[in-house]
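Commentary on secondary and tertiary structure
Residue-level listing of the chains:
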Amino acid sequence: MKNLIPCVGFELQYSPIDRDSVENFAITLHSTTNELVFDAFQKMEPGQNILILFSNRTGPTQQLPAEVIDCIKVDDEHYRLKLKTKSDSAVLDDAANMICLPINKGPSTPQEMVLPCPSCNITGSFKFIDNQDGDWQHGILPIYNCSSCGTSRAMIGLVSI
């Protein structure tokens, strides 16, 4: 019997430096932060397990196990999930014995991340602003704002420093 587990995820990320999609983004992000906030349409309880999925264009979807730390009701059918990846967790390729139930609400990118800021050198919250429009064909380019100094950065620039 297959296991059914809720999941949130990342759309394929775009890198303006490489002018292409970012492959194996899960490993890069996992080495940079373990605190992420996603919007969801399903309520979850603290301590529940969830998977964070990462799209890849040339390989299988990657999975990163996480735990729900907090779930705040924003309005009817809209919850904000604070997740923490498990410190001993490894990035895994898509497992055939598992069925993931996507519960993202809105864009498939975190609404908030805890990261060190390259401008002010303070580790703090970066809040999602919007996806940058562009003529790229492969991926999205989410933009985040530092809660400490107010600078805006693309996600790919924040996690690949």
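The rules behind the values
- Residues numbered from 1 in each chain as written.
- Predicted model: local features only at pLDDT ≥ 70, side-chain atom pairs only at ≥ 80, totals over all residues.
- Heavy atoms only, no water.
- Phe/Tyr/Trp six-rings, centres within 6.5 Å; stacked < 30°, edge-to-face > 60°.
- Helix = DSSP H or I, 4+ residues; strand = E, 2+ residues; numbered from the N terminus.
- Buried < 20%, exposed > 50% of the residue type's maximum accessible area, 1.4 Å probe, protein only.
- Salt bridge = Lys/Arg side-chain N within 4 Å of Asp/Glu carboxyl O.

Another aspect to go through is the packing of aromatic side chains. Within a pair of aromatic rings, the relevant descriptors are the distance that separates the centres and the angle that separates the planes. Within the structure shown, the criterion is met by five aromatic pairs. Taking 5.8 Å as the distance between ring centres and 70° as the angle between the ring planes, the aromatic pair formed by Phe10 and Phe25 counts as edge-to-face. You can see Phe10 sitting in strand 1 (residues 3-10) and its partner Phe25 sitting in helix 1 (residues 25-32), a full 15 residues away along the chain. Looking at Phe10, the relative accessible area reads 3%, which means it is buried.

Here the phi dihedral of Glu77 falls at roughly 60°; this positive angle occurs in a residue that is not glycine. Turning to its location among the elements, Glu77 is positioned in the loop between strand 6 (62-75) and strand 7 (78-85).

The next point concerns the pattern of salt bridges. Tallied over the full model, the rule gives five salt bridges. Salt-bridge contacts for Arg80 lead to Asp39; the nearest nitrogen and oxygen are separated by 2.6 Å. Here Arg80, found in strand 7, pairs with Asp39, found in strand 4 (residues 35-40); they are 41 residues apart in sequence, far enough to count as distant. Judged by relative accessible area, Arg80 falls into the partly exposed class, the value being 31%. Ionic pairing is found between Lys43 and Glu45, a salt bridge with its closest N-O pair at 3.7 Å. Overall, the relative accessible area of 43% leaves Glu45 in the partly exposed class.

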